[in-house]
Amino acid sequence: MPSSTAAADRGLARAQPLADIEPAIALGALDGRYRGVVAPLVDHLSEPALNRARVHVEVEWLIHLTERQVVPGVRRLTDDEQAALRRVVTSFGAAEIEEMAATERVTQHDVKAVEYFLKSRLREIAPASEDAGLAELIHFCCTSEDINNLSYALMVQGAVRDVWLPRARDLVDALTGMARDLAEVPLLAHTHGQPATPTTMGKELAVLAWRLRRQLDRVDDAQFLGKINGATGTYGAHTAAVPDADWEDVSRTFVEHLGLTWNPLTTQIESHDWQAELYADLARFNRVLHNMCTDVWSYISMGYFAQVRGQGTVGSSTMPHKVNPIRFENAEANLEVSNALFDVLAGTLVQSRLQRDLTDSSMQRNIGSAFGHSLLAIDNAGRGLAGLDAVPEAMAADLDRNWEVLGEAVQSAMRALGAQGVPGMEEPYERLKELTRGRRIGQEDLVAFVQGLGLPPEVEERLAAMTPLSYTGLAPGLVRHLP
């Protein structure tokens, strides 16, 4: 029998190294198979997006310092110079990405590479012969984390507001629309996997839509904090350089100018608590969405939903009759990956040894993957919902096979009558249990039981006319609570 090594030598071990192929092949699914779905996040959470955000922060810091005349004797930048500096940000593209990467290979420091990049641009905008010292206000009194924390806050804010929230809202809107459309379609509820009090499909979907929208509201209310206060959060360099400036006001107004919430008390790092709070809310949304996917998957397996055919999809590679609920299964898997990342981000980022360690630096580079898998799940879930047709006949057939669920209604009516002093209503629960538990009953069995109870005529008539299809309580109207 050949050894495993020999077998490998005849196979993949001799294959062309895929790592040598240009353009480079993606290692992960988000940058490969699913790139089209998650591509909008590249503008916010990729490494080049981080560098562009750093350039933006550095440009705005320079403008802020000169506009407020923080450093005595340094002139204000003209409107044209400010516009030219801001164009460095808006025109940031492939050439700038490569230039900065080349600089970083020399500096071995990413933020320093940003500083040198911007100084080179400033020399073109404001020649050194006229403003020899102006470039020294780039990165003035800043530690790298002053720039990084603001950059990440802006990046995450943009990813949430411009990409994730709109996609998530579209999904919840679609689910809300389904809930309204199916508000009056009776459904056999299942508690603990057993037939239970009837409800409506619309009401059950509305519960999920309500839960998801609450989490969206929490995400929408998120705060994105930032700081710019030096190496250990004391403004030490600032007060040493320019002791008469109101540095706390300079810091606060700058952070707020960026559209962020100022954090007045930090170590070298902004504490990242806001990130942990946000990621917990995003993970909770993911978990509710996971619940939706498993419920809808179950309804499909029961025949309550039919998956739309004729979309050019292959359900099974060997069984032609099958249309697999793969959208919901793919969503589940991606939600689990996303939550694993959001959970570790939230747990790790709130920890830092004394005034600074670098665990957050590596950890935050996974933010894009966490958002990407969530976005991919939202896309799959939305496509899955769009491919469903409700089958009211299947739901009705299940209800008609389970008349015993009306036992709850009859014993509850008996309890109410007993409380009012009507004779013969003793032990209603026990009597209904004897009738229904462990066996199926039909309409005739239930009507005969009701007619033998000695109920007031109007109550007897109401209960005898009840069916599993009609016993949905207020469920159809409850859907109106959805916004």
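Residues numbered from 1 in each chain as written. Predicted model: local features only at pLDDT ≥ 70, side-chain atom pairs only at ≥ 80, totals over all residues. Heavy atoms only, no water.

Within an unreviewed UniProt entry, the label attached to the protein chain reads Adenylosuccinate lyase, and the organism entered is Phycicoccus avicenniae.

Caption draft 1: View of the overall build of the protein chain. When you go through the protein chain residue by residue, the secondary structure sums to 21 helices and eight strands. Relative to the compact-globule value of 23 Å for 483 residues, the protein chain shows a C-alpha radius of gyration of 32 Å, a clear excess of over 25%. With respect to the principal axes defined by its C-alpha atoms, the protein chain has extents near 105 × 75 × 40 Å. A buried classification covers 48% of the 483 residues belonging to the protein chain. For the protein chain, the proportion of contacts with a sequence separation of at least 24, taken over those separated by at least 6, is 78%. As presented, the protein chain carries roughly 24,100 Å² of accessible surface, and 52% of it is formed by carbon and sulfur atoms. Once the 45 positive and 65 negative side-chain charges of the protein chain are each reduced to a mean point, those two points are 3 Å apart. (Helix = DSSP H or I, 4+ residues; strand = E, 2+ residues; numbered from the N terminus. Rg over C-alpha atoms; globule rule 2.2 N^0.38 Å. Buried < 20%, exposed > 50% of the residue type's maximum accessible area, 1.4 Å probe, protein only. Contact = heavy atoms within 4.5 Å. Areas by Shrake-Rupley, 256 points an atom, 1.4 Å probe, with all protein chains shown as cover. Lys, Arg positive; Asp, Glu negative; His and termini not counted. Charge placed at Lys NZ, Arg CZ, Asp CG, Glu CD.)

Caption draft 2: Quick look at helix H19 (residues 443-451). Leu 446, Phe 449 and Val 450 are the residues of H19 that are buried. Axial view of H19: buried residues confined to an arc of 100 degrees, hence all on one face. Buried positions along H19 lie against helix H17 (407-419), helix H18 (428-436) and helix H20 (457-465). (Arc of directions from axis to C-beta.)

Caption draft 3: Geometry of the packing of helix H12 (residues 273-302) against helix H13 (residues 326-349). Orientation of H12 relative to H13, taken along the N-to-C sense of each, is 160 degrees, at an axis distance of 9 Å. The orientation of H12 with respect to H13, classified from their angle, is roughly antiparallel. Considering only the axes of H12 and H13, their crossing is left-handed. Each residue belonging to the contact of H12 with H13 can be placed in one class, and the counts come to 17 nonpolar, six polar and five charged. (Axes fitted to C-alpha atoms, helices over the stretch in contact; angles between N-to-C directions. Parallel < 35°, antiparallel > 145°, perpendicular 65-115°, else oblique. Left-handed = near helix turned anticlockwise from the far one by under 90°. Nonpolar A, V, L, I, M, F, W, Y, C, P; charged D, E, K, R; others polar.)

Caption draft 4: Seen up close, the UniProt feature "domain: Adenylosuccinate lyase PurB C-terminal" (unreviewed entry) in the protein chain. When the UniProt feature table is mapped onto this chain, "domain: Adenylosuccinate lyase PurB C-terminal" (unreviewed entry) is found at residues 352-472. With 62% helix and 2% strand, the stretch residues 352-472 has end C-alpha atoms that lie 54 Å from each other. (UniProt positions renumbered as here; feature names shortened; annotations may be inferred.)

Caption draft 5: Looking closely at the side chain of Glu 81. With respect to the helices and strands, Glu 81 occurs in helix H5 (residues 79-90). Look past the residues within four positions of Glu 81 in its chain and what remains in contact with it is Arg 75, Ile 125 and Ala 126.

Caption draft 6: Local environment of the pattern of salt bridges. Evaluated as defined, the whole model comprises 27 salt bridges. Among the salt bridges present, the one from Arg 86 reaches Glu 60, with a minimum N-O distance of 2.8 Å. Taken as a pair, Arg 86 in helix H5 and Glu 60 in helix H4 (residues 47-67) lie far apart in primary sequence, 26 residues in all. Looking at Arg 86, the relative accessible area reads 32%, which means it is partly exposed. Of the charged contacts in the structure, one is a salt bridge between Asp 357 and Arg 353, with a shortest N-O distance of 3.0 Å. (Salt bridge = Lys/Arg side-chain N within 4 Å of Asp/Glu carboxyl O.)

Caption draft 7: Molecular detail of the nonpolar core. Ranked by internal contacts, the top residues of the largest apolar core, which has 117 residues, are Val 55, Val 156, Trp 164, Leu 278, Tyr 279, Met 292 and Phe 371. Here this core takes 18 residues from helix H8 (residues 144-181), the largest share from any one element. Among the nonpolar cores identified, the runner-up in size contains 20 residues, and Val 410, Leu 446, Phe 449 and Leu 455 belong to it. (Core = buried A, V, L, I, M, F, W, Y, C linked by side-chain atoms within 4.5 Å.)

Caption draft 8: The arrangement of the side chain of Gln 82 in detail. Here Gln 82 lies in helix H5. You can call Gln 82 buried: its relative accessible area is 9%. Within the structure, Gln 82 has its side chain in polar contact with the backbone oxygen of Leu 77 (distance 3.3 Å). Those residues in contact with Gln 82, other than ones at most four positions away along the chain, are Ile 63, Glu 67 and Leu 77. (Polar contact = N/O pair within 3.5 Å; in protein donor to acceptor, adjacent residues only side chain to side chain.)

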